[in-house]
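Observations on chain architecture
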Amino acid sequence: LLMPLDMAERLDWPGIMSVESNGADSATVSVRYGSERWLLSQVIAAGGAIHILDDPALSKRLCDMAKSLTCPL
């Protein structure tokens, strides 16, 4: 996951494997998770500040899950 460095430094998720700074203001966070719904909730809570780097299929599944949460007006 790619996110702002200050956010990465404050994470307290139990599955964090590593946090690597990518410069002054971003970090790559490797994390294990047991549920894609949990990961989706973290991404949503971050308001767009978390980006999935290396799994396009996961990104699509999370986008599809997010779309299923919306209600048509």
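Just so we're clear, the structure is a prediction, and the values are computed from it rather than from any experiment.

**Remarks on the overall build of the protein**
Within the protein, the secondary structure is distributed over 3 helices and 3 strands. Sequence-ordered secondary structure for the protein, helices as α and strands as β, is β-α-β-β-α-α. Viewed in the frame of its principal axes, the protein has a C-alpha envelope of about 40 × 25 × 20 Å. Long-range pairs, those at least 24 residues apart, make up 43% of the contacts in the protein with a sequence separation of at least 6. The distance from the centre of the 6 positive side-chain charges to the centre of the 9 negative ones in the protein is 11 Å.

**A word on the sheet that holds strand 1 (residues 2–4)**
The sheet built from 3 strands is open, its strands ordered 1-3-2 with antiparallel pairing. Every interior strand has two partners, whereas the edge strands, strand 1 and strand 2 (16–21), have only one. Pairs of neighbouring strands in the sheet enclose a mean axial angle of 30°, with direction left out of account. Here strand 1 pairs with strand 3 (residues 26–31) via 3 bridges, running antiparallel. Counterpart to Pro4 in the pairing with strand 3 is Ser26.

The rules behind each value
Residues numbered from 1 in each chain as written. Predicted model: local features only at pLDDT ≥ 70, side-chain atom pairs only at ≥ 80, totals over all residues. Heavy atoms only, no water. Helix = DSSP H or I, 4+ residues; strand = E, 2+ residues; numbered from the N terminus. Contact = heavy atoms within 4.5 Å. Lys, Arg positive; Asp, Glu negative; His and termini not counted. Charge placed at Lys NZ, Arg CZ, Asp CG, Glu CD. Pairing = 2+ DSSP bridges. Axes fitted to C-alpha atoms, helices over the stretch in contact; angles between N-to-C directions.

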